Amino acid sequence: MAPAANGQRMPDVWVFGYGSLCWYPGFEYSDCITGYIRGYVRRFWQANVTHRGTKEQPGRVATLIEDKEGITWGCAFKVTGADALEYLGQRECTLGGYATKYIKFYPRIASEQSGISGEAFATLVYIATPKNEYWIGEEPLLVTARQIVGSRGPSGHNVEYLIRLAMFMRDELPGASDEHLFELESLVRRFVAEAELSVDQLLMMGNTPLRRIRRDTHEEVRRHVTFEYTSRVPDTKLRCLHI
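Here the structure is a predicted model, which means the values were calculated and not measured.

Student: Got a minute to help me understand the overall build of the protein chain in this structure?
Tutor: The helix and strand tally for the protein chain stands at 5 helices and 9 strands. Traced from its N-terminal end to its C-terminal end, the protein chain shows the element sequence β-β-β-β-β-α-β-β-α-β-β-α-α-α. Here the protein chain holds 243 residues, and 48% of them are scored as buried. A separation threshold of at least 6 residues defines the contact pool for the protein chain, and within that pool the share at least 24 residues apart is 77%. Roughly 13300 Å² of accessible area belongs to the protein chain as shown, and the carbon and sulfur atoms make up 50% of that amount.

Student: Teacher, can you tell me more about the packing of helix 2 (residues 141–149) against helix 3 (residues 158–172) here?
Tutor: The angle between the axes and the distance between the axes are what describe a pair of packed helices. Closest axis-to-axis distance for the helix 2/helix 3 pair is 7 Å, and the angle between their directions is 120°. Touching Gln 147, Ile 148 and Val 149 of helix 2 are Asn 158, Val 159 and Leu 162, all from helix 3.

Student: It is not clear to me how helix 2 should be interpreted in this structure. Could you clarify?
Tutor: Two residues of an α-helix separated by three or four positions point the same way, owing to the 3.6 residues in each turn. Looking only at helix 2, the buried set comprises Leu 141, Thr 144, Ala 145, Gln 147, Ile 148 and Val 149. Looking at the packing, one finds that the buried side of helix 2 touches strand 4 (31–48), strand 5 (59–80), strand 9 (156–157), helix 3 and helix 4 (179–194).

Student: Can you help me understand the confidence of the model for the protein chain in this one?
Tutor: Here the protein chain averages 80 in pLDDT, and 73% of its residues register 70 or above. For the stretch residues 1–9, pLDDT sits under 50, and the model shows 14 contacts to residues farther than four places along the chain or on other chains. Here residues 221–243 scores under 50 on pLDDT; set against residues more than four positions off or in separate chains, the count is 27 contacts.

Student: Explain the packing of helix 3 against helix 4 to me, please; I cannot follow it from the model alone.
Tutor: Where helix 3 contacts helix 4, the axes come no closer than 10 Å and their chain directions differ by 130°. Relative to helix 4, the element helix 3 is oriented oblique. Read as a crossing pair, helix 3 and helix 4 show a hand that is left-handed. Each of Val 159, Leu 162, Ile 163, Leu 165, Ala 166, Met 169 and Arg 170 in helix 3 lies in contact with helix 4, whose residues at this interface are Leu 181, Phe 182, Leu 184, Glu 185, Val 188, Arg 189 and Val 192. Residues of the contact of helix 3 with helix 4, tallied by class, amount to 11 nonpolar, no polar and 3 charged.

Rules of the game
- Residues numbered from 1 in each chain as written.
- Predicted model: local features only at pLDDT ≥ 70, side-chain atom pairs only at ≥ 80, totals over all residues.
- Heavy atoms only, no water.
- Helix = DSSP H or I, 4+ residues; strand = E, 2+ residues; numbered from the N terminus.
- Buried < 20%, exposed > 50% of the residue type's maximum accessible area, 1.4 Å probe, protein only.
- Contact = heavy atoms within 4.5 Å.
- Areas by Shrake-Rupley, 256 points an atom, 1.4 Å probe, with all protein chains shown as cover.
- Axes fitted to C-alpha atoms, helices over the stretch in contact; angles between N-to-C directions.
- pLDDT = per-residue confidence, 0-100.
- Parallel < 35°, antiparallel > 145°, perpendicular 65-115°, else oblique.
- Left-handed = near helix turned anticlockwise from the far one by under 90°.
- Nonpolar A, V, L, I, M, F, W, Y, C, P; charged D, E, K, R; others polar.

Spelled out as structure tokens, the structure:
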């Protein structure tokens with residue numbers, strides 16, 4: 001814990017990222033671990049006019065929608081002190097229209113030595129609600145995809161936001177399911193190609209300083225991990241060999 005202005009120690013806070021925080025947190029943190037939350041699904045139902053779009057051409061960014069059987073994968077960051085939370089409050093709430101909520105987070109990997117057990121713990125989550133002015137709600141994926149391809153803002157092209165999130169899922173959480181994200185990515189890539197644009201060039205338009213994020217540093221020291229989340233992961237069929 002870090003000392004506060006009154007001399008008392010400020011508690012550590014875990015923040016769950018499921019959108020751009022997964023590949024660009026933008027704040028200092030001491031640990032980052034992958035995992036998931038239950039009861040929510042990720043949807044691109046929130047407009048954005050400050051980072052990935054403009055008022056004339058709003059971009060689309062992710063939020064969470066309640067779903068009793070839902071699973072949303074992402075990563076949790078351990079932060080200490082007020083600076084990170086003030087930064088997130090400005091980035092997500094003031095500019096983005098998000099509200100905060102505490103939701104249980106389930107680590108992908110558990111370790112006794114790391115202090116991270118297999119049990120869930122509370123994380124601070126930023127969620128857009130229908131009460132904010134940038135709320136879009138459900139719309140056809142074709143419409144969302146075309147809006148993303150045509151939008152860019154001060155932080156870069158809207159395509160970058162989507163593609164880097166999909167890359168995070170494939171690279172860091174292979175096998176995890178997110179049909180909405182991957183179907184949207186497929187449509188965006190198709191529309192980018194039809195417009196004779198390059199995804200790589202659109203990724204380079206951003207002014208976000210990217211660096212490799214060290215996640216799951218406790219992974220080499222493991223213990224038993226539960227696999228209750230597999231209800232949303234496609235079944236794998238095995239073929240028996242008669243030798």
